[in-house]
Amino acid sequence: MLTAAVALLTLVPMVCVQSQQIGTNVPETHPPLTVQSCTNTGGCQSQQQSIVLDANWRWLHNNGGFTNCYTGNTWNTTLCPNPTACAQNCALDGADYAGTYGITTSGDTLSLNFVTQSAQKNVGSRVSLLADESHYQVFKLKNKELAFDVDVSQLPCGVNGALYFSQMPADGGLSQFPNNKAGAKFGTGYCDAQCPHDLKFINGQANVIGWTPSTSDPNSGAGQAGSCCAEMDIWEANSNAAAFTPHPCLASTQTRCTSPLQCGDGDNRGNGLCDKDGCDFNSFRMGDQSFLGPGKIVDTKQKFTVVTQFLTSDNTTTGKLKEIRRLYVQDGKVIQNSKTNIPGMATFDSVTDDFCSAQKTAFGDTNSFATHGGLSAMSSSFDKGMVLVMSIWDDHEANMLWLDSAFPTSEPASAPGVARGACATDSGVPANVESQSPGANVTFSNIKFGDIGSTFMR
Ligand SMILES: *[C@@H]1O[C@H](CO)[C@@H](O)[C@H](O)[C@H]1NC(C)=O
Ligand SMILES: *[C@@H]1O[C@H](CO)[C@@H](O)[C@H](O)[C@H]1NC(C)=O
Ligand SMILES: *[C@@H]1O[C@H](CO)[C@@H](O)[C@H](O)[C@H]1NC(C)=O
């Protein structure tokens, strides 16, 4: 995915503790979420787990007090004169999930609201699934599948309701980085294949060096450092388009990048630690414009189930990842993924290394997926395990046109690979979607994972 827009937070103060030290002005109570683990022989077992709000959205204030360390999109330079002092002086506080961020859970259902107005305006959010109070659940999905229900009917052009895996450290970096006292309990340790520069803390250090406030996002900025790791986008979507996309990295674990080359900034896009482009399967882009959308074969006006299967070379959990397959279930019917229909390209209905190279050739794109190790590199990340992340966001860099419209806008929509969804090329401007569709929301429910064939139609 592209870099998520981050909203924060000048909270009205309310009492305290402690780099990401720990703040206690607002109690941190993780919203519960039931998920199911399934086997072909034993069926599905419910597990009561919980979610945690990413650290980047949280109120950050002086240790033991109420003075903001970060306000709008700027740092308090007294509290944050350098990365280490800032991490020692500042505390991440608990979150009012529903009231401040529009995040609610009930049973197996999570809803994320787009714009939430309380004492301040919050835009979007990002949460991760916890295994316990201080660790993310680490998924190992080779020769397994993941299913969930999604309602994208309230997601317009320009808003992305995403469910994906990032190779984050299970404890949020707590054990590795002494200045990170908050850990996964407070949603630390985020990384993805865009090596995001908008994170306030990376590896126990504040990202204050070179921090530049965003010109369009009053809550976000970019520091010199980025946080890179492999990412498996299961679902990046709104009511007009959807994509699933593996993004391998040359870095074998979460890695703090500090140079434009490592981070893959600008012209270095294809040469950074991570494959920013990834290898996307978007049915509309791959030539079936009738497949997914309002009233289409997969009808985005109604809830449906998304199943993703991670097949290995020998059908065991130790074999190499060789194919990522997609199925949908709606109205009790299994819907096979669309088939590609691109002139000059063989037909595919799943992501394999062959699909990726054929797609890149057909679209005239550099195959940075292959140069970052392709599915074999993804396979190594799957061996280490990935953390489940869900988010809702708008896009201050590219108006989400890469997902739901024609992109790049410098090329005709008829050029191979340019058309990705039915949205207009002038859609998705954050200021417009935030004012016109503040009530946009996404609901993820019924998350199940387990043996191939065990999670759906049972
Ligand atoms: C920055 O922090 C210092 C030290 O706590 C404080 O005195 C000052 O008021 C803060 N500045 C702002 C703008 O909040
Ligand atoms: C793996 O399973 C698939 C589908 O059931 C089958 O077609 C394939 O032959 C199997 N491969 C191996 C190596 O057993
Ligand atoms: C999502 O938006 C719809 C339409 O505005 C609204 O009816 C529904 O209550 C919203 N859901 C949540 C969880 O906010």
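Residues numbered from 1 in each chain as written. Chains lettered and ligands numbered in written order. Predicted model: local features only at pLDDT ≥ 70, side-chain atom pairs only at ≥ 80, totals over all residues. Heavy atoms only, no water.

Caption draft 1: Examining the overall build of the protein chain more closely. Secondary structure summary: the protein chain contains eight helices and 32 strands in total. Over its C-alpha trace the protein chain gives a radius of gyration of 21 Å, about what one expects of a compact globule, namely 23 Å for 458 residues. Overall, the C-alpha framework of the protein chain stretches about 60 × 50 × 40 Å when taken along its three principal axes. Taking all 458 residues of the protein chain together, the buried fraction comes to 61%. Approximately 15900 Å² of the protein chain is accessible, and the part contributed by carbon and sulfur atoms is 50%. (Helix = DSSP H or I, 4+ residues; strand = E, 2+ residues; numbered from the N terminus. Rg over C-alpha atoms; globule rule 2.2 N^0.38 Å. Buried < 20%, exposed > 50% of the residue type's maximum accessible area, 1.4 Å probe, protein only. Areas by Shrake-Rupley, 256 points an atom, 1.4 Å probe, with all protein chains shown as cover.)

Caption draft 2: Just the site of ligand 3, in detail. Every residue near ligand 3 is listed here: Ser 111, Gln 154, Gly 439 and Asn 441. Between Asn 441 and ligand 3, the recorded distance is 2.2 Å, taken from a side-chain N or O atom to an oxygen atom. About the coverage of ligand 3: the protein hides 41% of its 360 Å² of free accessible area. Considered class by class, the residues forming the shell around ligand 3 number no nonpolar, four polar and no charged. (Near = heavy atom within 4 Å. Polar contact = N/O pair within 3.5 Å; in protein donor to acceptor, adjacent residues only side chain to side chain. Nonpolar A, V, L, I, M, F, W, Y, C, P; charged D, E, K, R; others polar.)

Caption draft 3: Region of interest: the environment of Asn 179. As for its position among the elements, Asn 179 is in the loop between strand E16 (160–166) and strand E17 (201–202). We classify Asn 179 as buried; its relative accessible area is 18%. Distance from Asn 179 to Gln 88, taken between C-alpha atoms, is 6.3 Å for residues 91 residues apart in sequence. Within the local environment of Asn 179, its side chain forms a polar contact with the side chain of Gln 88, the two groups lying 3.2 Å apart.

Caption draft 4: Examining the sheet that holds strand E1 (residues 21–22) more closely. Read across the sheet, three strands follow the order E1-E7-E4 without closing on themselves; strand pairing throughout is mixed. Looking at which strands have only one partner, the edges of the open sheet turn out to be E1 and strand E4 (60–62). (Pairing = 2+ DSSP bridges.)

Caption draft 5: Structural detail: the site of ligand 1. Taken together, Thr 67, Asn 76, Thr 78 and Leu 79 make up the full set of residues near ligand 1. Between Asn 76 and ligand 1, the recorded distance is 2.4 Å, taken from a side-chain N or O atom to an oxygen atom. Protein chains shield 38% of the accessible area of ligand 1, which is 360 Å² for the free molecule. Looking at the shell around ligand 1 residue by residue, the classes come out as one nonpolar, three polar and no charged.

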